[in-house]
6 protein chains.
Amino acid sequence: MSSPLRKDVTIIAGRANPQLADEIGAILGIPLCDIRISTFPNSETHVQVEESLRGKDVFIIQPTCPPVNDNLMELMIMVDACRRASARQVNAIVPYFGYGRQDHKSTGREPITAKLVADILTVAGANRVVAVDLHSAPIQGFFNIPMDHLTAVPLLAQSFKKPKFKDAVIVSPDLGGTKLAEKYTDVLHLPMAVMSKRRRGIGGREVEFFVSMGEVKGKTVIIVDDEITSGSTTKLVDILLESGAKEVHMAVTHPVLATSAVDRVRGSALKQLVVTNTIDVPEGKRLDGKIRVVSIAPLLAKVIKNIHENTSVSKIFAEQHINFPV
Amino acid sequence: MSSPLRKDVTIIAGRANPQLADEIGAILGIPLCDIRISTFPNSETHVQVEESLRGKDVFIIQPTCPPVNDNLMELMIMVDACRRASARQVNAIVPYFGYGRQDHKSTGREPITAKLVADILTVAGANRVVAVDLHSAPIQGFFNIPMDHLTAVPLLAQSFKKPKFKDAVIVSPDLGGTKLAEKYTDVLHLPMAVMSKRRRGIGGREVEFFVSMGEVKGKTVIIVDDEITSGSTTKLVDILLESGAKEVHMAVTHPVLATSAVDRVRGSALKQLVVTNTIDVPEGKRLDGKIRVVSIAPLLAKVIKNIHENTSVSKIFAEQHINFPV
Amino acid sequence: MSSPLRKDVTIIAGRANPQLADEIGAILGIPLCDIRISTFPNSETHVQVEESLRGKDVFIIQPTCPPVNDNLMELMIMVDACRRASARQVNAIVPYFGYGRQDHKSTGREPITAKLVADILTVAGANRVVAVDLHSAPIQGFFNIPMDHLTAVPLLAQSFKKPKFKDAVIVSPDLGGTKLAEKYTDVLHLPMAVMSKRRRGIGGREVEFFVSMGEVKGKTVIIVDDEITSGSTTKLVDILLESGAKEVHMAVTHPVLATSAVDRVRGSALKQLVVTNTIDVPEGKRLDGKIRVVSIAPLLAKVIKNIHENTSVSKIFAEQHINFPV
Amino acid sequence: MSSPLRKDVTIIAGRANPQLADEIGAILGIPLCDIRISTFPNSETHVQVEESLRGKDVFIIQPTCPPVNDNLMELMIMVDACRRASARQVNAIVPYFGYGRQDHKSTGREPITAKLVADILTVAGANRVVAVDLHSAPIQGFFNIPMDHLTAVPLLAQSFKKPKFKDAVIVSPDLGGTKLAEKYTDVLHLPMAVMSKRRRGIGGREVEFFVSMGEVKGKTVIIVDDEITSGSTTKLVDILLESGAKEVHMAVTHPVLATSAVDRVRGSALKQLVVTNTIDVPEGKRLDGKIRVVSIAPLLAKVIKNIHENTSVSKIFAEQHINFPV
Amino acid sequence: MSSPLRKDVTIIAGRANPQLADEIGAILGIPLCDIRISTFPNSETHVQVEESLRGKDVFIIQPTCPPVNDNLMELMIMVDACRRASARQVNAIVPYFGYGRQDHKSTGREPITAKLVADILTVAGANRVVAVDLHSAPIQGFFNIPMDHLTAVPLLAQSFKKPKFKDAVIVSPDLGGTKLAEKYTDVLHLPMAVMSKRRRGIGGREVEFFVSMGEVKGKTVIIVDDEITSGSTTKLVDILLESGAKEVHMAVTHPVLATSAVDRVRGSALKQLVVTNTIDVPEGKRLDGKIRVVSIAPLLAKVIKNIHENTSVSKIFAEQHINFPV
Amino acid sequence: MSSPLRKDVTIIAGRANPQLADEIGAILGIPLCDIRISTFPNSETHVQVEESLRGKDVFIIQPTCPPVNDNLMELMIMVDACRRASARQVNAIVPYFGYGRQDHKSTGREPITAKLVADILTVAGANRVVAVDLHSAPIQGFFNIPMDHLTAVPLLAQSFKKPKFKDAVIVSPDLGGTKLAEKYTDVLHLPMAVMSKRRRGIGGREVEFFVSMGEVKGKTVIIVDDEITSGSTTKLVDILLESGAKEVHMAVTHPVLATSAVDRVRGSALKQLVVTNTIDVPEGKRLDGKIRVVSIAPLLAKVIKNIHENTSVSKIFAEQHINFPV
C-alpha cells in the first residue's frame, strides 16, 4: 500500500471494536478522528466529533456485535453527526452485521429486522455499507445505497492449506450453511458433508443431530459457520467423532462468543477454532491459542483505500483467487 | 367459502394468466373487472379500466412469467391506473415472481434486479404483494409493504402421498435448492439427496453432474425445484438412473416451460412432472398427462378472501399442516 | 368509559413497562395481545406476534426508558412486525420519549438524536406517536405522522392543591425548565423562581448553584422537572433550604431513577417526590412513600379510546382545565 | 471537440441502439465500457459490467424504442448495476423516450405511464436523463432529477434549407402536433397548416382527414411529426395532393418504423422522409434513400461532453440558432 | 342530490374563495368547518382549526389565485394542520391551479414551478387534488396522489347553445390554446380558427396578431381561453373585427381579472365574457352583466359527494355529454 | 479573507435583501449571478437564471422576511431552477427564517409551519440551509440536510461592551426568550431579569406586564429579542422605567419592523435599538441613528467561504469567544 491516502479521508472508531479501527488506521498511516462517545446516566449514547468533517470521506468502523442494540444505535448516531457536520460521504464499515439472521419471516407476524436495520441505517444518512460474510447474500439487496460485501473465507481457509488437511471434509452444521460451506470447498477443493437434526423421545422434545449427507468416517473434519455465539455448535464435535471423524476443527468468521461459548470450546474435543477479529477477542479468551484469531484489518484497510480512491474492490478478491497456492 | 365477499372488492386479470384469474373469480363468485389491455403498434402497453374503482379493494392477478418484461410493465401500469382511479387498496397477486433468481450480487458490478422489481412495484403504487414459492425467502424483505409469501409445496406433495413413494428420496438439483427440498422432506417425511456439478476435460469445459450427498440407489426419486424453464434439469434423470435410482419423478411450482423444455420432458425417462398453474400450461403442452397440473386457484382464492376480510393468512398454512394425512 | 371498544383494536405490551400496559388494558377492558419477545444469546431482540393483526388498530405501549437503545429497538421491531402483519394502523404509545434532550446541536458536530429517533420510528412503519411531557415542544415537529403530545402536569399538580401549598413557589432547576414550570404556575396559580449555576475556584472547576431569579425565602418550594435520572437535582434541596425555603417538594413526570438517584432522594432533605408511572417504579424503590407514584394509565386509556374512536384528544385537556378545583 | 475527456467518464451501450453508442464513442474518442447483456431462457434480462465503475461518470445510451418494455427494463437494470457498482453519476441518455404519448389521462381510469416511467427510472438510481423531442414538454416536469431536453428540429430542418422549399408549408397532422410544427416554422420561416379528422358514414365508423386550417394549394408540403410508427400518417399524403399540394415531404425525429410503416412509405407518393437515428434504421429499410437518416450522434456527443465538463447545454442550441443560415 | 352525506365529512374554506365554499356547503347541506385563519403582523399566515377532525374526510376549498403565494401557502398550512389533527383524508379542492403555465422549461435554467407546487402540496400531506381546466393535461402526471381533473367547458359552452351561434367559429388566441378550443368545437360542433403573432418594425419590437389559420370573415366569433388575467387578449377583438368577424364573444374558465383587465373588457368591443367562479368575481366587477358568471359550485359539490361516497367522478362528465342538447 | 474563492462558486440574490447579497459579494470579491426575477400580472413569481450553473456551488441569499410567503416561494423557485440547471450544490442562505415561531402545536389542530417550511425547502432541492438566531434551537432538527445555525449575539453584544453598561441587566420580554438572553449574559457577564404578563380587569381583558424575576431598579437595562415586528415590545420600556430602570436599550437580531414598529420606537423612551441587517433597514427608517444597524455580511461571507472550502464553521464562533475583550 505504497501511495498515501489523500488528506480528505478520516476514520472514526466506534466503541464496538476500537482495536480493529486502530489496526486499520496504522496500516493506512492515518490517525483516527478525534471523537468523544459516552453513555449518559439515563443510558443514552452521546457523540461529539472533535474535528471538522466538512467535505471529508468518513469511514466509521463499527461491527454491530453484542450489545447489538447499543452498537447499532451508536453507529446511527455517529452517522447522523457526520451527515449534519457536512461530511462528503459517510461510509459505515460494519464487519459484523447484527440481526442478519432475521432476514425473512419464517412464520407469520415476524419482523424482518435485517431489513429494518438496512432502512434505518440509510435514513440515518449512511452513503455506503461494507460488511463481511453476511448471513445471507440477499441482505445486500436490502440496501439501495452501494454495499460492498466482503468474505473472510480465503483468509480463514489459509489455515487449512496444509498437507494435514489434504483429505479433510468441510461440514456445514445445517442446510442453511451449505452456501458458505461451498465457498470453502471451492477454495480448498475438499468435499462437503451436512448435518441435520431430528426430534425424538416423547413429544419430540429431544433433539438429535446426525450427519445427514456426505461422509466423515476416517476424515479430518472442518466445521464452518458464519458466527459462533453460544457455542452450542460444539455439541456437534462429539457426534462427528462418534461418526468416525479423526479430528475436528472449526472456522468461523464472526466470534460473537457469548460467555458460555468460551467455556464450551474449552471443554470440547475441538482441536482448534479459527476466527477473524471482526469482533474483538481479548487475549484472555483465546484459550492459549485454541482459539486462533486471523486479522481482517489488512483486507478492510485495502478495501477502504480502494473505495476512497475509486479503484475496484471486487478486484481484490479476484486477485486472491488467482494467487491461491493450494 | 360460504360467506359472500363484500361488494367493494374486484379482481383484475392481466394478460399473463387470465385462465387463473377466471378460476379464482369463479371460486369467489365475483365477476372480473371490465378492463381493456392492448399493445400499441409502437409496442407500448395500454390499459383502460372500464369500471369505477373508487374505494375498491383491488386484486390484480399477474404472474411475471415470460415475457417477463412485458408482464411486469403491464402489472405496474395496471397498478398505476388503479391508484390514480382512487382504489382503496391495490393488491398485486404475483403467483410467479420473475427476476427472483437475481436476488444478490454473485460477482462485482451485477444488479440486484429482484430488489429493483420490488422498488418499482412499490413506487408504482402497489399496497401489498402476494407471491408463491419465491426463489429465496429474503426477497420478502425487499418489500416494505406487506407481503404474503405462500407455498405450493403441500399442494404438490399431495401427489406423492401414496404407498409407492413410501421409500422415495427427495433430490435437490443443487445446494441452492436444499431449502425448498427441506420443505418436501418435512411434509413427506422422506430423506434428501443433493446433486452437484464438477468441471472436467481440457479447460474444464465439460460439466458433469453427480449425486454429491445422500443416497439414491434402489430408490424412487422426486426431484424438486421452484421453476422449470429450459428443461435442462431433465439431464439429471439419466444420471440418477445410472446412479441406481428406480424411477424419477419431478415436482416444480412454476412451469415456465420454454419451448425446449416440453421437448426435453417428452424425450426424457422422467415418469411424471407435477406443476401448478401459477403460469398457464395449455392442454397441448401437457404431453397426455406426463405433465400434471395442480391448480393453485383455490389457495389464492382463499388468501384473497382472508386478506379482504382481515382474517389470518398464515392460519391457512397452519391448518393444512394439521390436516396432513400421511 | 362506558361504551366498549370495537373488537378491531389491540394493545401490545413491550418489555419496557408491561405493568402500565396491564393497567391500561384493564381500564379499557381488553386483553393484551399475545406476543413473545425474547433476547437471543447474541443479544438480538426477537419478536413474534401470536395473534392475527390483519386490519387491526394496534397500540404498542413502550416508553423508551433505560436501557433506551434496547427499548427503542424493541419498539421498532414490534412496529415492523405489525406493519408486515397487515395491521391497519400502528400507534406507538411512548409515554417517556428517550433521547428527547438531544433535540438540537449545542456545539458543532453533534447529532440531533431526537430527530434521528423520529425518523427511524417513522421508517419502521409507525403511523402515530403519543408521548407525555416531551423535553421540548418542537420535538412534535420532528414527526410528520400525527403526534399527540400529552402532559402529566394537571395530574401531578393535583398533589399540591392543598392549603399547605397556598403560598408555595414553583422552582425551575434551570432556564431550560421554565416552560414546564410555567405550566405548573398556570395550573396552581403560584409564582416561579429559577436556579442557575456559576463556576468558581481555580479554572472554574467548582460549580455553584443559586437562586438567580425569584424569591424562595420563607416559602414552601416545589421543584418541577420533566425527568429525574441521576438524582443530582437533589443537591438543590440544601441550597434552597439555605436560601430560606421552609421545605422542599418535587414533582417530576418521568422517574428514570438510575440506581444512584433513589439513594440520593433517600439521603436528601426532600419532603416528597411525586412522579408518574410512565416508567415503572417498583415498590421497593418508593422509599415507604417518600416517592409517590400517580398513575398515568387512566389518561393514556382515555387517549387510546379517543384515538380509536376518532374523538378529540385535545378536548380531554380542555375538560381538565375547566374542572380544575383550586 | 478538441480537448480530450477526462478519464473518469465511460459510455455504456445498451442493446437498443449500439450503433448510435459506437458513433458517439468514436466522436468523443473513448472506447465503450465492457459490458455483457443477455437474455436468460426464462426471458429475464441479465447485465454484467466487466469494468470498474467506481467514481465514474457513466453515460448509458438506450432509447426506449420497441420492444419498449424490454429496452426500458434493460435500461433500469443497467442503472441499478451502475449505482451498486458505486458509479459517481449515472446519466441515462434516452434519445427516444417511449411511453411519452401516455402523458395524461384522456378519460377516467387511465394510467399516466410516462410519469410511471419517470418515477421508476429515478428509483432505479438514474441521476440525470437526456431525451430528444419529447412528445410533450411537461414530461420534463415528471422528473425531479436534472433533465436535458434536446431537439432535433434544427438538424432535420437543415434538409429543407434549399431554394426548392422557399414557399413550402409546414403541415401538422393534428392539433397535438402544432407545438412541434411551430418549431419548424420558427427555424424555416414558413407558414403552417393543420389537418383534422371527422367521422362519417353509418355510426361514424369512417374517419376522414382534411386540411382544417391553413393553405396547401400549389405548395410543397413538409409534414412534421415526432415519431412515425405504423406509417398511417402516409395516408395524409394523398389527401394533401388531392387538396392541391405540389409534392409532399416528411420530417420525423424518431423512426420507430414498425414493419408496416416501411411498406407504406414505399407505396406512398411521399417524396422523401427525413429522420434521425435516435432509433437505428438499418440500410435495408432505407428504401434506396427515400428514407434519409441524419445522425444525432454529433449533438449527443457534444451534450455528453458538456455535461461531463459542466459547461452549458442550452448554449449549444443558442449557438445553433445564431449560426442558422436561412 | 337526495342522499345526505355521512357525518364524517367536513368542508374547510380558505380565504381565497369563501363564497364558493359557502355555495358548495349549501348545496351539500353541511355547515363549513369552524376555522380561524389570520395574518400575523410579520405577514405569516396562521391557521387554527376549531373542531375535531379525527377520522374525518376533509375537503379544503382553495383556488391558488392571486395573491398566489399567499393562497398556496395558506392551502399547505391548512393541509398540515389537518394531517397533524389526524384527518382520515385531506382533499385539496383547487379549482384554479396557480403556476400551471410554468409547466415546462421553455429555455435553459428555468424552474418548473407547477411541478414544484405538486411536490410541496404532496409533502404537506394532501391525499388528493381536484382541479378545473389545468393549463395543460400532463400537470395531472406531476402528482402521484389521485388527481381529479374536471372541465368547465360543458358548463361555459351552454351559453352558446343558441340559434345565434349556429355558424359561429371558436378562436384560440394561440397554438397552445388549441387543445382547449378543440373541447369547445367537440361540444358545440363548430369550426376553429387560430391566431398567431409576428414581430415587425425595427428590431422586431412591434408585435402584430393575425388569424393564421381558419376563417372568421362574416362569422360570430367565440374566443376561448383557460384564464384571463391582464385582459391583453381583448386586443384580439379589434383584430378579429377588422378581419371581418361579425361580433366577438369570449369564454374563459378562470377569471383572474387583474385590475387592468376589467377596464380593458369594459373598453373593448367584446359583446360578452362568460366565466366561472373558480375565482370570485364581485358584483362590482361584472360590468352590469358584460361579464357573466356561471357557477362551478354544483359541479364541485357533486364531485365532492362522489369522492366521499366512492362513486365514479368521470361518470359525471360522461352523463353530461349524453345529455347534451345541441 | 486573503485566498480567492475558486471559480465554481456563485451567489444568487433573491429580491428579499439584495443589499445584503451585494455586500457579501463585495467582501468575497465575486460578482453576483445574472438572474431575472419578476412577478407576472397573475401574481406568479418567475425566475430565469441567465448564467450556466452546471457543477457550480450556488449560494442563494434570501431571508424569508415579509412578505414571507412571496419570499419563501421565490426562494423555493430559485432552488428548483438551480437544481434543474444541474448545480452541484444549492445552499439556501436564509438569514431570517420566517415562520420560526410556529415551531410546535400550542393547542390542538394547529399546524407546525416551521417544519412544513423545512420539508418543502428540502423537497424543492436545497442541499444546505444557513440561518441566524432561529426562534428555537430544535428547528435545526426539522432539517435532515446539513444546517448551519449562526448567532448574531456576539456581533450585537459588541455595542454594549462599554463602561456604561458595566452594571446593566439583560431583560428577556418573556420566559420563551430566556435562552437567547442567556447567550447575552454569557457574553457580557451580566445578570438577567424576566418579564411576564398577567390578565386583570373584568373578564381578564386587560393585560399587564411586570418584572416577574430579577432586579432592574437603578440599572441600565438591555432588552434582547430575536425579532421586532409590530414594536409592541416598546410598551415594556415605560414599565421598566416605572420599575426603576435608569435607561432602556434594546438588541434584536431581526428587524422585521412592520410599519407601526418604527413609529412606536420613535415615540418610546427607548435610548437605542441595535439590529442586524438580516432584513434590510433603509436609511429613512433608522430614525437618525436611534435604530443602529450592524452588518451581518462579514459573518455570512466568512461562513460561505468556509462552507465552500470545507473548513470549519463552528471554529468561527469558537474564535470569536476567545477573542472576546470584555
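The rules behind the values
Residues numbered from 1 in each chain as written. Chains lettered and ligands numbered in written order. Predicted model: local features only at pLDDT ≥ 70, side-chain atom pairs only at ≥ 80, totals over all residues. Heavy atoms only, no water. Contact = heavy atoms within 4.5 Å. Buried area = accessible area lost by both parts, 1.4 Å probe. Salt bridge = Lys/Arg side-chain N within 4 Å of Asp/Glu carboxyl O. Polar contact = N/O pair within 3.5 Å; in protein donor to acceptor, adjacent residues only side chain to side chain. Helix = DSSP H or I, 4+ residues; strand = E, 2+ residues; numbered from the N terminus. Nonpolar A, V, L, I, M, F, W, Y, C, P; charged D, E, K, R; others polar. Buried < 20%, exposed > 50% of the residue type's maximum accessible area, 1.4 Å probe, protein only. Phe/Tyr/Trp six-rings, centres within 6.5 Å; stacked < 30°, edge-to-face > 60°. Pairing = 2+ DSSP bridges. Axes fitted to C-alpha atoms, helices over the stretch in contact; angles between N-to-C directions. Disulfide = S-S within 2.5 Å. Patch = residues over 30% accessible without salt bridge, like charges linked within 9 Å, V, L, I, M, F, W, Y side chains within 5 Å. Areas by Shrake-Rupley, 256 points an atom, 1.4 Å probe, with all protein chains shown as cover. Lys, Arg positive; Asp, Glu negative; His and termini not counted. Charge placed at Lys NZ, Arg CZ, Asp CG, Glu CD. Least-squares fit on C-alpha atoms with pLDDT ≥ 70 in both. Parallel < 35°, antiparallel > 145°, perpendicular 65-115°, else oblique.

(A) Inspection of the interface of chain C and chain A at higher detail. With 51 residues of chain C at the interface, the matching set in chain A holds 51 residues. Between chain C and chain A, the buried area comes to about 4000 Å², and carbon and sulfur atoms account for 57% of it. Between chain C and chain A we count 0 salt bridges in total. Viewed at the interface, chain A and chain C are joined by 30 residue pairs in polar contact (both at pLDDT 80 or more). Secondary-structure elements contributing two or more residues to the side of chain C that touches chain A are strand S3 (45–49), helix H2 (68–84) and helix H3 (113–124) of chain C. Here the side of chain C that touches chain A gets 10 residues from one element, more than from any other, and that element is H2(C). Here the residues of the side of chain C that touches chain A are counted per class, giving 24 nonpolar, 15 polar and 12 charged.

(B) Seen up close, the interface of chain A and chain F. With 6 residues of chain A at the contact, the number on the chain F side is 13 residues. Both faces combined, the contact of chain A with chain F buries some 740 Å², and carbon together with sulfur accounts for 36% of it. Considering only the surface of chain A that becomes buried against chain F, A:Arg54, A:Arg83 and A:Arg84 emerge as the three largest contributors, covering 75% of it. The interface formed by chain A and chain F includes 1 salt bridge. At the junction of chain A with chain F, the criterion picks out 5 residue pairs in polar contact (both at pLDDT 80 or more). Counted by class, the side of chain A that touches chain F contains no nonpolar, 3 polar and 3 charged residues.

(C) Fine view of the environment of D:Phe209. Residue and element names in this part refer to chain D. Here Phe-209 shows up in strand S10 (residues 206–213). The partly exposed category is assigned to Phe-209, whose relative accessible area is 24%. Expressed as a C-alpha distance, the spacing of Phe-209 and Lys-235, which sit 26 residues apart in the sequence, is 8.8 Å. In this view, Phe-209 contacts Ser-196, Lys-197, Leu-236 and Ile-239; residues no more than four positions away in its chain are not counted.

(D) Local environment of the packing of aromatic side chains. Residue and element names in this part refer to chain D. Under the defined criterion, the tally for this structure stands at 15 aromatic pairs over all chains. Taking the centre distance of 6.0 Å and the plane angle of 70 degrees together, the rings of Phe-97 and Phe-143 count as edge-to-face. Remark: Phe-143 occurs in the loop between strand S6 (128–132) and strand S7 (147–150) and Phe-97 occurs in the loop between strand S5 (89–94) and helix H3 (113–124); sequence separation between them is 46 residues. The two residues Phe-97 and Phe-143 agree in class, both being buried.

(E) Main features of the sheet that holds strand S14 (residues 291–294) of chain C. Residue and element names in this part refer to chain C. Strand order in the open sheet formed by 7 strands is S10-S9-S8-S11-S12-S13-S14, with mixed pairing between adjacent strands. Two strands close off the open sheet at either side, each with one partner strand: strand S10 (206–213) and S14. The sheet shows a mean angle of 25 degrees between the axes of neighbouring strands, direction not considered. Bridge analysis of strand S12 (residues 247–255) against strand S13 (residues 272–276) gives 4 bridges, and the strand direction is parallel. Its bridge partner lying in S13, Ala-251 is registered against Val-274.

(F) Representation of the state of the cysteines. With the rule as written, the count across this model stands at 0 disulfides over all chains. Considering cysteine sulfurs only, B:Cys33 is the nearest to B:Cys82, which forms no disulfide, with 7.2 Å between them. In this structure B:Cys82 comes out as buried when scored by relative accessible area, which is 0%. In this structure F:Cys65 is not part of a disulfide, and its nearest cysteine sulfur, from F:Cys82, lies 19 Å away.

(G) How the structure looks around a positive patch on the surface. Residues and elements named next belong to chain A. A surface patch of positive charge is lined by Lys-197, Arg-199, Lys-235 and Arg-264. Locating Lys-197 in the fold gives a position in strand S9 (residues 192–200). Residue classification places Lys-197 among the exposed residues on the basis of a relative accessible area of 56%.

(H) Inspection of the relation of the copies chain C and chain A at higher detail. Between the two copies, chain C and chain A, the superposition gives an RMSD of 0.0 Å; the rotation angle is 180 degrees and the shift along the axis is 0.0 Å. The two molecules are tied by a two-fold rotation axis, judged by turn and shift.

(I) Layout of the pattern of salt bridges. Within the structure shown, the criterion is met by 95 salt bridges over all chains. The salt bridge partner of A:Asp57 is A:Arg88, with a shortest N-O separation of 3.9 Å. Of this pair, A:Asp57 sits in strand S4 (residues 57–61) while A:Arg88 sits in the loop between helix H2 (68–84) and strand S5 (89–94), placing them 31 residues apart in sequence. Classification of A:Arg88 by relative accessible area gives partly exposed; the value is 44%. A salt bridge links C:Arg88 to C:Asp8; its shortest N-O distance comes to 3.7 Å. Of this pair, C:Arg88 sits in the loop between H2 and strand S5 (89–94) while C:Asp8 is found in the segment before strand S1 (9–13), placing the two residues 80 residues apart along the sequence. Salt bridges here are not isolated pairs; linked through shared partners, they connect A:Asp8, A:Asp57 and A:Arg88.

(J) Representation of the packing of helix H2 (residues 68–84) of chain F against helix H3 (residues 113–124) of chain F. All names here are of chain F. Across the interface, H2 lies against H3 with an axial gap of 8 Å and an inter-helix angle of 25 degrees. Compared by their axis directions, H2 and H3 come out roughly parallel. Contact residues: H2 offers Leu-72, Leu-75, Met-76, Val-79, Asp-80 and Arg-83, while H3 offers Val-117, Ile-120, Leu-121, Val-123 and Ala-124. Looking at side-chain class alone, the contact of H2 with H3 contains 9 nonpolar, no polar and 2 charged residues.

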